[in-house]
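The primary structure of each chain is shown beneath.
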Amino acid sequence: MRAGLLRTSLLPGLTLANPVLSASGCYNHGVEGARFGDVKRLGALVTKTVTPRPRAGNPPPRLWETSAGMLNSIGLENPGVERFLAEEMPRALELGPPVILNVGGESLEEFEQVTERVQDCGAVALEVNLSCPNVQGGQLPFATSPAACEEVVGRVRRVSRLPFFVKLSPNTHLVADVARAAASAGADGLTLINTLHGRGIDWRRRRPCLAEGSGGLSGPAIKPVALHFVALVRAAVRLPILGVGGIATAEDVCEFLVAGASAVQVGTAHFLDPLCGVHIVEELEELLVAEGESIDNLSSLEQ
Ligand code: SIN
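Given the structure is predicted, the values throughout are model-derived calculations rather than measurements.

Participant: Just checking my understanding: could you explain the nonpolar core for this structure?
Facilitator: Across soluble globular proteins, you tend to see nonpolar side chains buried next to one another. Ranked by size, the top nonpolar core spans 74 residues in total, and within it Leu101, Leu130, Val153, Val166, Leu190, Leu192 and Leu284 carry the most contacts. Among all residues touching Val153, those that are not within four sequence positions of it are Leu130, Phe164, Val166, Ala182, Ala185, Gly186 and Ala187.

The structure is reproduced here in structure tokens:
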């Protein structure tokens, strides 16, 4: 291990040991992954979305493997912010990597309320999830309208002393406009992409594979879509971007950095290998040394 080779300056005052993070939702709070090995080497853990009140989530089946990825319709199941702070956040903090806490809600008031409540919980930053396709009938009100995005991000900005990333959706033709709205309302960074609307069909039973009908597609199938939106948004706004979508190797990480991401999140690949993110960190170090490259050279954002 070469000290400092992977060091990643994400935001003013927030430098990570490396640019490989776990993605929200695919690693819960990191505790399950830690049962398989040491997750300390991840650049940061990004927790599953927490909302002001507990949510039971959607009925099963709510996960479905596809030919090149996975459909999910979890519906933001979580224990609610109070139980999360009392029971789960302390365990996440014990694992070692800095924690980026993902928050969500269904209204302006809920986003404000949950953001205010988590300010002193030990997270280094927040990720504000505007883009879950599995709630509110998949309508994504805050992620598809620049005006609605600006309003909710402004409300979060007013109550947040912590820096925050806004997680955007690919399920709109207004991605760049929504990104600009988030930037003008005070977001410190952006995460993209969340999952694409998708559906599996069990034709013999004349039924969708997921109980809810449609869900969100993730995994290798969406990597080119994610690279497209990272590049598009990089050209539109000058905020740091966390790239996510189908990342499973160190080569994938380099592609996202060149497209314009400052760091990346590994999601669905953790279902195949719970230590995938950690292995990518090791591979990335070897790859950069072999190629005579550095994180700064690949990442196009001037700090
Ligand atoms: C879910 O809980 O349904 C997925 C979360 C997300 O896509 O934001």
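Text resumes after the structure shown.
Participant: Any chance you could explain the side chain of Thr195 here in plain terms?
Facilitator: In this structure, Thr195 sits in the loop between strand 10 (189–192) and strand 11 (196–198). Relative accessible area serves as the criterion here: at 8%, Thr195 is assigned to the buried category. At 3.4 Å, the side chain of Thr195 forms a polar contact with the side chain of Asn194. Leave out the neighbours within four places in its chain, and Thr195 touches Asn72, Pro133, Pro170, Asn171, Gly216, Leu217 and Ser218.

Participant: How should the pattern of salt bridges be read in this particular structure?
Facilitator: If the charged atoms of two oppositely charged side chains come close together, the side chains can form a pair. Going through the model one piece at a time under the given rule, you end up with 15 salt bridges. A salt bridge links Glu110 to Arg53, with the shortest nitrogen-to-oxygen separation between them at 2.4 Å. Linking Glu110 in helix 3 (residues 108–117) with Arg53 in the loop between strand 4 (45–46) and strand 5 (63–66), this pair joins segments that are 57 residues apart in sequence. Residue Glu110 is classed as buried on the basis of its relative accessible area, which comes to 13%. Here Arg161 ties to Asp120 by a salt bridge, and the two come within 3.3 Å at their closest N and O atoms. With Arg161 in the loop between helix 5 (146–159) and strand 9 (164–167) and Asp120 in the loop between helix 3 and strand 8 (125–129), this pair connects stretches of sequence that are 41 residues apart. Of the two residues, Arg161 and Asp120, neither departs from the other in class, the shared state being exposed.

Participant: How should I be thinking about the site of the ligand in this particular structure?
Facilitator: Near the ligand the following residues occur: Lys48, Asn72, Ile74, Gly75, Leu76, Asn129, Cys132, Pro133, Asn134 and Asn194. Between Asn134 and the ligand, the recorded distance is 2.7 Å, taken from a side-chain N or O atom to an oxygen atom. Notes on the ligand: free accessible area 260 Å², of which the protein chains cover 92%.

Participant: Can you help me understand the packing of helix 8 (residues 250–259) against helix 10 (residues 276–291) in this one?
Facilitator: A pair of packed helices is characterised by two quantities: the angle between their axes and the separation of those axes. It is the contact of helix 8 with helix 10, at a shortest axis distance of 8 Å, that shows an interaxial angle of 70 degrees. By the criterion of interaxial angle, the relationship of helix 8 to helix 10 is roughly perpendicular. Between helix 8 and helix 10, the contacting residues are Ala250, Glu251, Val253 and Cys254 on the first element and Ile280, Glu283, Leu284, Leu287 and Leu288 on the second. Its residues assigned to classes, the contact of helix 8 with helix 10 comprises seven nonpolar, no polar and two charged.

Participant: What exactly am I supposed to notice about the environment of Arg207 here?
Facilitator: Its location among the elements puts Arg207 in strand 13 (residues 207–208). Classification of Arg207 as partly exposed rests on a relative accessible area of 43%. Between the C-alpha atom of Arg207 and that of Arg41, which follows or precedes it by 166 residues, the distance is 43 Å. Setting aside its immediate chain neighbours within four residues, Arg207 contacts Gly200, Ile201 and Asp202.

Participant: It is not clear to me how unusual backbone geometry should be interpreted in this structure. Could you clarify?
Facilitator: Note on backbone geometry: most residues besides glycine have negative phi, and most peptide bonds are trans. Cis geometry marks the peptide bond from Pro60 to Pro61; its omega dihedral reads -5 degrees. Considering the arrangement of structural elements, one finds Pro61 in the loop between strand 4 and strand 5. Cis peptide bonds are those with omega within 30 degrees of zero, and the linkage from Leu192 to Ile193 qualifies with 15 degrees. Residue position: Ile193 is located in the loop between strand 10 and strand 11. One non-glycine residue, Gln136, lies in the positive phi region at around 50 degrees. Following the sequence through the fold, Gln136 ends up in the loop between strand 8 and helix 4 (141–144).

Calculation notes
Residues numbered from 1 in each chain as written. Predicted model: local features only at pLDDT ≥ 70, side-chain atom pairs only at ≥ 80, totals over all residues. Heavy atoms only, no water. Core = buried A, V, L, I, M, F, W, Y, C linked by side-chain atoms within 4.5 Å. Buried < 20%, exposed > 50% of the residue type's maximum accessible area, 1.4 Å probe, protein only. Contact = heavy atoms within 4.5 Å. Helix = DSSP H or I, 4+ residues; strand = E, 2+ residues; numbered from the N terminus. Polar contact = N/O pair within 3.5 Å; in protein donor to acceptor, adjacent residues only side chain to side chain. Salt bridge = Lys/Arg side-chain N within 4 Å of Asp/Glu carboxyl O. Near = heavy atom within 4 Å. Areas by Shrake-Rupley, 256 points an atom, 1.4 Å probe, with all protein chains shown as cover. Axes fitted to C-alpha atoms, helices over the stretch in contact; angles between N-to-C directions. Parallel < 35°, antiparallel > 145°, perpendicular 65-115°, else oblique. Nonpolar A, V, L, I, M, F, W, Y, C, P; charged D, E, K, R; others polar.

Interpretation note: all reported values are geometric properties and have no functional meaning in isolation.
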